[in-house]
Structures are given as structure tokens and as C-alpha cells.
Amino acid sequence: MKVVERVAGRLARGVRGWMAVGSVVLFGLFTALVLPAQAEAGAFYTVHYAAPDTSVWYSPDELYAAAQAWGEDGRAAYVHARVTFDVIWPLVYGTFLVTTLAWVWARGTVSGSRWRGVSLVPLVAVALDYAENICTATVMARYPARTPALAELAPFFTAGKWLSVSVSFMLLALGVIIALTARWRARRSRPSRRSDALTH
């Protein structure tokens, strides 16, 4: 836990406002420009069977069903996307969430607060995302051969990824509220301090 607190503390001290804004812009541009193009590129095979890893949970049988429905070209396209687009995308949303969480929670909490450790939650999501991609891409690449261990682990990685991402966004929304509240209270206390100084 001390390692987590030290890393979170360094992030809280090191992340500047321009870094948070930059990560928001990068995330917005990637979401608006790259994600739609990626979805369009995969439409020719996902139209036959939706990608299981877009769901919160799926079974190994559903993963194999997708592999069969997509055909050789669809499976090849899926694997290609996992080793190209899905190498970059977790870094983009991970950077966005880590940076913004660190910045807003640094403004809403006192130095040394354990709450600043929430900025590291997205790292769990990124790690699970990569683990999921390795599992599902390997299953697709080896099909029709079976890959029992990875096919069974993939759903757990996927569920953990979606849970971590959801928690990260909820913590970001909560952090914004706390930071704005702290700023509002600080502004309210300034006039009283000035008036006290004038009376003495």
C-alpha cells in the first residue's frame, strides 16, 4: 500500500492542468476519429456475430461461436486489430483517466490522502485489457484448434476490464464534484479572512 500511496502522491504533485487538458483532447480526438473508423473496419465480420469482448460477460462457447461465424478473413482482421489498434487504445484511455483522476483528486483532497490512490485504478483496466486481447487474439489465431485455458480466462479479464473502467469514470465524476466543492468553500472563506484582517 505504501508503494501505491507514493506513486499516487507523485502523480498528484506532478500532473499539471495542461497535462489533464491535453489528455482530454487526445481522448476526445481518438474517440471521435479513430474509434468510428475501427468499428467500420470490423463491420464486415461483426455483422455476422458481435464481438464477445464488447459485452461485460460471455462464455468460452460464445467466443468459439464468434470465431466460426467470422470465418478466416474475419478472424484475421480481429487479430490484426488486437495487435495494432488495441495496443494504442488502452494507452489513450489509460492516460486520460490516470491524468484527470490525479489532477481532480489532488484538488479535492489534502496532501497525503489515501483517496489520491484512485488515480491508479485505470492501470488495472489497462492491464486487464491487454490480458483480454492476448487471450482472445490467440483463440482466434489458433481456431479451429481449441485453446481451453485462454478461452476460459478471457471472460474474467473482460469483466474485470469493464468494471475497472466503469469505476474509474465514476471516480472521475465524483472527483470533479469534490474538487469543485473544495474550490467553492475556499472562495467563500476568503472574504471572512480579509474582513478579520481589517478589523485587527
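Heads up: the structure comes first, above all this text.
Below is a short write-up of the structure. (Residues numbered from 1 in each chain as written. Predicted model: local features only at pLDDT ≥ 70, side-chain atom pairs only at ≥ 80, totals over all residues. Heavy atoms only, no water.)

Remarks on the layout of surface pockets
Considering only enclosed or pocket space, the largest pocket measures out at about 560 Å³ in volume. Across the lining of the largest pocket, the residue classes break down as 13 nonpolar, 5 polar and 6 charged. Looking at the second largest pocket, its volume works out to about 190 Å³. Lining the second largest pocket are 14 residues, and of these E5, A8, G112, S113 and R114 sit closest to its centre. Considering only residue class, the lining of the second largest pocket consists of 4 nonpolar, 5 polar and 5 charged. (1 Å grid on protein atoms, 1.4 Å probe; cavity = no way out; pocket = protein on both sides within 12 Å on 5 of 7 lines; lining within 4 Å. Points joined across faces, edges and corners; volume = space filled by probe spheres on them. Nonpolar A, V, L, I, M, F, W, Y, C, P; charged D, E, K, R; others polar.)

Considerations on the pattern of salt bridges
Tallied over the full model, the rule gives 3 salt bridges. A salt bridge links R114 to E5, with the shortest nitrogen-to-oxygen separation between them at 3.4 Å. On the criterion of sequence distance, the pair formed by R114 in the loop between α5 (85-108) and α6 (121-142) and E5 in helix α1 (residues 2-14) is long-range, its members being 109 residues apart. A salt bridge links D86 to R82; the shortest N-O distance between them is 2.5 Å. For D86, a relative accessible area of 7% puts it in the buried group. (Salt bridge = Lys/Arg side-chain N within 4 Å of Asp/Glu carboxyl O. Helix = DSSP H or I, 4+ residues; strand = E, 2+ residues; numbered from the N terminus. Buried < 20%, exposed > 50% of the residue type's maximum accessible area, 1.4 Å probe, protein only.)

A word on α5
In a regular helix each residue adds 1.5 Å, so 24 residues correspond to 34 Å; α5 covers 35 Å between its end C-alpha atoms and thus fits that length. Where burial is concerned, most of α5 is hidden: 17 out of the 24 residues are buried. (Expected span 1.5 Å × (residues − 1).)

Describing a nonpolar patch on the surface
Together, V21, V25, L29, L33 and V34 give the surface a local cluster of nonpolar side chains, amounting to about 440 Å² of exposed area. In this structure, L33 sits in helix α2 (residues 17-41). (Patch = residues over 30% accessible without salt bridge, like charges linked within 9 Å, V, L, I, M, F, W, Y side chains within 5 Å. Areas by Shrake-Rupley, 256 points an atom, 1.4 Å probe, with all protein chains shown as cover.)

Some words on a positive patch on the surface
On the surface, K2, R6, R10 and R13 cluster together into a positively charged patch. Structurally, the position occupied by R10 is in helix α1. (Lys, Arg positive; Asp, Glu negative; His and termini not counted. Charge placed at Lys NZ, Arg CZ, Asp CG, Glu CD.)

Here's the deal with the environment of A159
Along the chain, A159 falls in helix α7 (residues 148-199). Residue A159 is classed as partly exposed on the basis of its relative accessible area of 22%. When the C-alpha atoms of A159 and P90 are compared, they prove to be 15 Å apart, with 69 residues separating the residues in sequence.

A few points about the packing of aromatic side chains
All chains considered together, the criterion is met by 13 aromatic pairs. Measuring from ring centre to ring centre gives 5.9 Å for F27 and W89, while their planes differ by 20°; the resulting arrangement is stacked. Linking F27 in helix α2 with W89 in helix α5, this pair joins segments that are 62 residues apart in sequence. Of the two residues, F27 and W89, neither departs from the other in class, the shared state being buried. When the ring of F96 is compared with that of F169, the centres are 6.1 Å apart and the planes differ by 40°; the resulting orientation is tilted. Of this pair, F96 sits in helix α5 while F169 sits in helix α7, and the two are 73 residues apart along the sequence. (Phe/Tyr/Trp six-rings, centres within 6.5 Å; stacked < 30°, edge-to-face > 60°.)

Here we look at the environment of V15
Relative to the helices and strands, V15 resides in the loop between α1 and α2. Under the relative-accessibility criterion, V15 is labelled buried at 7%. Counting along the chain gives 91 residues from V15 to A106, while the straight-line C-alpha distance between them is 9.0 Å. With residues near it in sequence (within four places) discarded, V15 still touches T99, A102 and W103. (Contact = heavy atoms within 4.5 Å.)

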